[in-house]
Amino acid sequence: MSTTRDIHVPEFLAGDEFSIPTYRVLNQEGTLYEGAEEPPLERELARRIYQAMITTRVLDERMMAAQRQGRLSFYMQCTGEEAAVIGASAALDDADMIMAQYREQGALVYRGFTIDEFMNQLFGNELDYGKGRQMPIHYGSRKLHYMTISSPLATQIPQATGYAYGQKLAGDGLCTTVFFGEGAASEGDFHAALNMAAVHEVPVIFFCRNNGYAISTPAIEQFAADGVAPRAFGYRMHVIRVDGNDILAVYRATQEARRIAVEHNKPVLIEAMTYRLAAHSSSDDPSGYRSRKEEEAWREKDPILRMKRWMIDKGWWDEEEEKTLQEQLRREVLETLKQAEKRPPPPLDSLVTDVYAEVTPGLQHQLDALKAHIRRYPDAYPKGARSLDPEVSRTDDANDKGES
């Protein structure tokens, strides 16, 4: 039970007495702020982080271009938020669970998800782990401890609390980190998750990417309080606000948050102040709700540029390496894209599997009717017709490769 002082005349509080600072280590010139302590980040880990940031940026640029060419139905970029996502992921144990929203592909890049695995999901082909059942960018990887993304906003937040509760019971010293935007923090699921995590004391890190906009709604129109961070006080939860474009600050803050979560079974809220440099999605036009001047001001705060300057200053990176990596990644992305889009879709039979141990008569009847329909109108369903006949698929694949 909380202990309070007594008063004898009405005295109302509005929370103005709470002022949450922003933790910063690295300025935009790539040097430390006066009084800041550089976290212990070894050269190889720093290079791994930076290369993951570059890979994510190149992947985003190429796949947005592919969407504009009509080769891909939909895409969402991480551009401008790479430090928040990848910096946090680097501070975790690789066996910690990550539950993402839909802009955290950088976490997968950092953990080793290959360009080929990205492409298979984006095109929903026969090698897609989700068997083509999800729209693009809804990645998932059991081996990399990355929960499959769901479209509905904020559903992953209470799921993270529940998963972390299981980790607490297992006692393996692991935690769950859940990413979401400040728009998702306005959903009821956010409050339910934080309350449950605080009451049951579970090892979960709630990582809010406050990028300024919930699609077209600016943060100033989303909440009257000082951002998302003060909400932690209502649940008596540890909280920190961090410069989300500062890779060193994000890394160190998440390191400490993980220590609190794992050693003390206490949830932590991190609010990373950043900016979405790209559109909300390939279906969005940000020029309708924000100015070019605002975008350019934030482009000068590019988190990749900030880390690059720091790396070069330490002698851990140079412009020649940058050029080589960029060229190699662009080639790999384009070549892998061409291969993935030629692969056939998942077998039609996979439409009715994975729910029941044995396919029910009703589902089998529907599947048979679908196959009959496709065979009757194969020209209207070229991919479906192709997946019905493995021999045709193999012949087409051989022709694609120039084989006989």
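Since we're looking at a predicted model, the values are computed, not measured.

Here we look at the sheet that holds strand E9 (residues 268-273)
- With parallel pairing, seven strands are arranged side by side in an open sheet as E1-E8-E9-E5-E4-E2-E3. Because the sheet does not close on itself, it has two edges, and the strands there are strand E1 (22-23) and strand E3 (146-147).
- Pairing analysis gives six bridges linking strand E5 (residues 204-210) to E9, with the strands arranged parallel. Residue pairing for E9: Phe207 is matched across the bridge by Ile270.

Re the nonpolar core
- One finds Met63 and Met119 to be the most contacted residues of the largest nonpolar core, which totals 73 residues.
- Among the elements that take part in this core, helix H1 (residues 43-68) stands out by supplying eleven residues, more than any other.
- Once residues within four sequence positions are removed from consideration, Met63 is found in contact with Leu72, Tyr75, Met119, Leu122, Phe123, Val333 and Leu337.
- Grouped together as the second largest cluster of nonpolar side chains are 25 residues, Met99, Ala154, Ala160 and Ala232 included.

A closer look at the packing of aromatic side chains
- Scanning all chains against the criterion turns up eleven aromatic pairs.
- Each ring, one from Phe113 and one from Tyr129, has its centre 6.4 Å from the other, and the planes form 65 degrees; the classification is edge-to-face. Taken together, the positions of Phe113 in the loop between helix H3 (105-111) and helix H4 (115-123) and Tyr129 in the loop between H4 and E3 put the pair 16 residues apart, joining distant regions of the chain.
- We classify Phe113 as buried; its relative accessible area is 5%.
- The rings of Phe113, Phe118, Tyr129 and Tyr139 are connected pair by pair, giving a single aromatic cluster.

A closer look at the domain arrangement of the chain
- Under the domain assignment used here, the chain contains domain 1 (43-341) and domain 2 (348-393).
- Taking only C-alpha atoms into account, the centre of domain 1 sits 36 Å from that of domain 2.

Some thoughts on the pairing of strand E8 (residues 238-243)
- For E1 and E8, the ladder comprises two bridges, and the chain directions are parallel. Looking at E8, one finds that Thr22 is bridged to Arg241.
- In the sheet, E8 pairs with E9 via six bridges, with the strands oriented parallel. Along E9, the bridge assignment pairs Val242 with Ala272.

Some thoughts on the side chain of Asn211
- For Asn211, the location among the structural elements is in the loop between E5 and strand E6 (213-214).
- Look at Asn211 and you get buried, because its relative accessible area is 4%.
- Sequence-distant contacts of Asn211, defined by excluding residues within four places in its chain, comprise Glu81, Arg103, Glu182, Thr274, Tyr275 and Arg276.

A closer look at the layout of surface pockets
- Roughly 340 Å³ of volume is contained in the largest pocket.
- Taken together, 17 residues make up the lining of the largest pocket; nearest its centre are Tyr129, Gly140, Ser141, Arg142 and Thr148.
- Per-class residue counts for the lining of the largest pocket are six nonpolar, eight polar and three charged.

Digging into unusual backbone geometry
- A positive phi angle, near 55 degrees, is found at Lys131, a position not held by glycine.
- Along the polypeptide, Lys131 turns up in the loop between H4 and E3.
- According to the relative accessible area criterion, Lys131 is partly exposed, its value standing at 31%.
- Phi is positive for His145, which is not a glycine, with a value near 55 degrees.
- Relative to the helices and strands, His145 resides in the loop between H4 and E3.

Description of the packing of H1 against helix H9 (residues 303-314)
- Axis separation between H1 and H9 bottoms out at 11 Å; the angle between their running directions is 150 degrees. Every pair of crossing elements has a handedness; the one defined by H1 and H9 is left-handed. Packed against H1, whose contacting residues are Ala46, Arg47, Ile49, Tyr50, Met53, Ile54 and Arg57, the element H9 presents Pro303, Ile304, Met307, Lys308, Trp310 and Met311 at the interface.
- Across the contact of H1 with H9, the residue classes break down as ten nonpolar, no polar and three charged.

Definitions and cut-offs
- Residues numbered from 1 in each chain as written.
- Predicted model: local features only at pLDDT ≥ 70, side-chain atom pairs only at ≥ 80, totals over all residues.
- Heavy atoms only, no water.
- Pairing = 2+ DSSP bridges.
- Helix = DSSP H or I, 4+ residues; strand = E, 2+ residues; numbered from the N terminus.
- Core = buried A, V, L, I, M, F, W, Y, C linked by side-chain atoms within 4.5 Å.
- Buried < 20%, exposed > 50% of the residue type's maximum accessible area, 1.4 Å probe, protein only.
- Contact = heavy atoms within 4.5 Å.
- Phe/Tyr/Trp six-rings, centres within 6.5 Å; stacked < 30°, edge-to-face > 60°.
- Domains from an automatic or database assignment.
- 1 Å grid on protein atoms, 1.4 Å probe; cavity = no way out; pocket = protein on both sides within 12 Å on 5 of 7 lines; lining within 4 Å.
- Points joined across faces, edges and corners; volume = space filled by probe spheres on them.
- Nonpolar A, V, L, I, M, F, W, Y, C, P; charged D, E, K, R; others polar.
- Axes fitted to C-alpha atoms, helices over the stretch in contact; angles between N-to-C directions.
- Left-handed = near helix turned anticlockwise from the far one by under 90°.

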